[in-house]
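The chain contents come next:
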Amino acid sequence: MAVARLAAVAAWVPYRSWGWAAAPVGGLGALLALIPQRAPRWLPACRQKTSLSFLNRPDLPNLAYKKLKGKSPGIVFIPGYLSYMNGTKALAIEEFCKSLGHACIRFDYSGVGSSDGNSEESTLGKWRKDVLSIIDDLADGPQILVGSSLGGWLMLHAAIARPEKVVALIGVATAADTLVTKFNQLPVEDSGRKNYISLHSA
């Protein structure tokens, strides 16, 4: 049921050459159906298990993640603000990928869930680095990024930073404009705070 609700709100936008042409709204299933199949669409579910692992980063907090092996393109689920990799949407995406035999990665931001770090010290810039670490160090081949809420904002940043690895984007209640709106609504008296936010979210 959660997959059906997710498919109803998700839309994909291919951005090769950054043309940003609108694509049909059909969710993850419609997107994956358009990709030429080079492997069987079904893999035995008993072989597709995920266990908690950690991405070790020398100068940054270690990230907790679960990786489902499967065919390409893989799916990276980017959660919303303080959301966990065991949330309803993340689990629904993984189950959907299992049903089609596609690879899937879900993870916790630094300072959130099972990952190392302190949430009070987290910034958008640090979480952006988390997303890029997942794409660079864990994702094999081309990826479809699925960003939920604030994760949609980070998804866009990641797509710009790694255009060679990202083949499509799916936004689920993407909060890309919320951040800019809130920032612009800060009063003039908070100009120092504005400078702090801009420096720490880059």
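Our subject is the structure listed above.
The structure contained in this document is the topic of the report that follows. Sequence order sets the numbering: in each chain, residues are counted from 1 along the sequence as written. Local features in this predicted model are restricted to residues whose pLDDT is 70 or higher, and side-chain atom pairs enter the listing and the counts only when it is 80 or higher, whereas totals over whole chains, interfaces and linings include all residues. Heavy atoms from the whole structure form the basis of all side-chain values; hydrogens and water molecules are not counted.

### Considering the overall build of the chain
- Helix numbering and strand numbering both begin at the N terminus, where a helix is a DSSP run of H or I of at least 4 residues and a strand a DSSP run of E of at least 2. When helices and strands are tallied, the chain shows 7 helices and 7 strands.
- Counting helices and strands in the order they occur from the N terminus, the chain gives α-β-α-β-β-β-α-β-α-β-α-β-α-α.
- Each residue gets one of three labels from its accessible area relative to the maximum for its type: buried under 20%, exposed over 50%, partly exposed in between, using a 1.4 Å probe on protein chains only. For the chain, buried positions account for 40% of its 202 residues.

### Here's the deal with the pattern of salt bridges
- The working definition used for a salt bridge is a side-chain nitrogen of Lys or Arg within 4 Å of a carboxyl oxygen of Asp or Glu. Within this structure, the stated rule accounts for 5 salt bridges.
- One salt bridge connects Arg 57 with Asp 130, and the closest N-O pair in it is separated by 2.8 Å. Taken together, the residues Arg 57 in the loop between strand 2 (53-55) and strand 3 (63-68) and Asp 130 in helix 4 (residues 124-137) connect sequence positions 73 residues apart. As far as burial versus exposure is concerned, Arg 57 and Asp 130 are alike and both buried.
- Close ionic contact of Arg 162 with Asp 136 constitutes a salt bridge, the shortest N to O distance being 2.7 Å.

### Here we look at the pairing of strand 6 (residues 143-148)
- Of all 6 residues making up strand 6, 6 are buried, and the element is well covered by its neighbours.
- Of the two faces of strand 6, the one carrying Gln 143, Leu 145 and Gly 147 and the one carrying Ile 144, Val 146 and Ser 148 are both buried.
- Pairing analysis gives 6 bridges linking strand 6 to strand 7 (residues 166-172), with the strands arranged parallel. Paired with Gln 143 across the strands is Val 166, a residue of strand 7.
- Place the viewer so that the strands point away; then a crossover is right-handed whenever the path from the first strand over the helix to the second strand goes clockwise. Regarding topology, helix 5 (residues 150-161) serves as the crossover connection from strand 6 to the parallel strand 7, and that connection is right-handed. Think of it this way: DSSP has to see at least two bridges between two strands before they count as a pair.

### Concerning the packing of aromatic side chains
- Here is the rule: rings of Phe, Tyr and Trp (six-membered ring for Trp) pair when centre to centre is within 6.5 Å. Planes less than 30 degrees apart are stacked, more than 60 are edge-to-face, and the remainder are tilted. According to the stated counting rule, one finds 3 aromatic pairs in the structure shown.
- Ring centres of Phe 107 and Tyr 109 lie 5.5 Å apart, and the angle between their planes is 90°; this geometry places the pair in the edge-to-face category. The two residues Phe 107 and Tyr 109 agree in class, both being buried.
- Pairing Tyr 109 with Trp 127 gives two aromatic rings, centres 4.8 Å apart and planes at 20°, and the pair type is stacked. Of this pair, Tyr 109 sits in the loop between strand 5 (102-107) and helix 4 while Trp 127 is found in helix 4, placing the two residues 18 residues apart along the sequence. Comparing Tyr 109 with Trp 127, the two get one shared label, buried.

### Remarks on helix 5
- For a helix, the expected span equals 1.5 Å multiplied by the residue count minus one. With 12 residues, helix 5 should cover 16 Å at 1.5 Å per step; its first-to-last C-alpha distance of 17 Å lies within 8% of that length.
- For helix 5, the elements touching its buried residues are strand 4 (71-78), helix 4, strand 6 and strand 7. Contacts are assigned to residue pairs with any non-hydrogen atoms lying within 4.5 Å of each other.

### Looking at unusual backbone geometry
- A cis amide bond, omega 0°, links Ser 72 with the succeeding residue Pro 73.
- Inspection of the secondary structure puts Pro 73 in strand 4.
- Positive phi outside glycine occurs at Ser 149, with the angle close to 55°.
- In this structure, Ser 149 sits in the loop between strand 6 and helix 5.
- With relative accessibility at 29%, the residue Ser 149 sits in the partly exposed group.

### Thoughts on the nonpolar core
- If you look at the biggest cluster of nonpolar residues, it comprises 25 residues, and the most contacted ones within it are Ile 78, Phe 107, Tyr 109, Val 131, Ile 134 and Leu 145.
- For this core, the secondary-structure elements that each account for two or more residues are strand 3, strand 4, strand 5, helix 4, helix 5 and strand 7.
- Considering each element in turn, this core owes the most residues, 6 residues, to helix 4.
- Not counting residues within four places of it along the chain, the set of residues in contact with Phe 107 comprises Ala 64, Tyr 65, Val 76, Phe 77, Ile 78, Pro 79, Met 85, Val 131 and Ile 134.
- Buried Ala, Val, Leu, Ile, Met, Phe, Trp, Tyr and Cys residues form a nonpolar core when they are joined through side-chain atoms within 4.5 Å. Residues Phe 77, Cys 104, Ile 144 and Val 146 belong to the second largest nonpolar core, which totals 12 residues.

### With respect to the environment of Arg 128
- Among the structural elements, Arg 128 can be located in helix 4.
- A relative accessible area of 26% places Arg 128 in the partly exposed class.
- Along the chain, Arg 128 and Leu 154 lie 26 residues apart, while their C-alpha atoms are 5.9 Å from each other.
- Each residue touching Arg 128, except ones within four places of it in the same chain, is listed here: Leu 154, His 157 and Ala 161.

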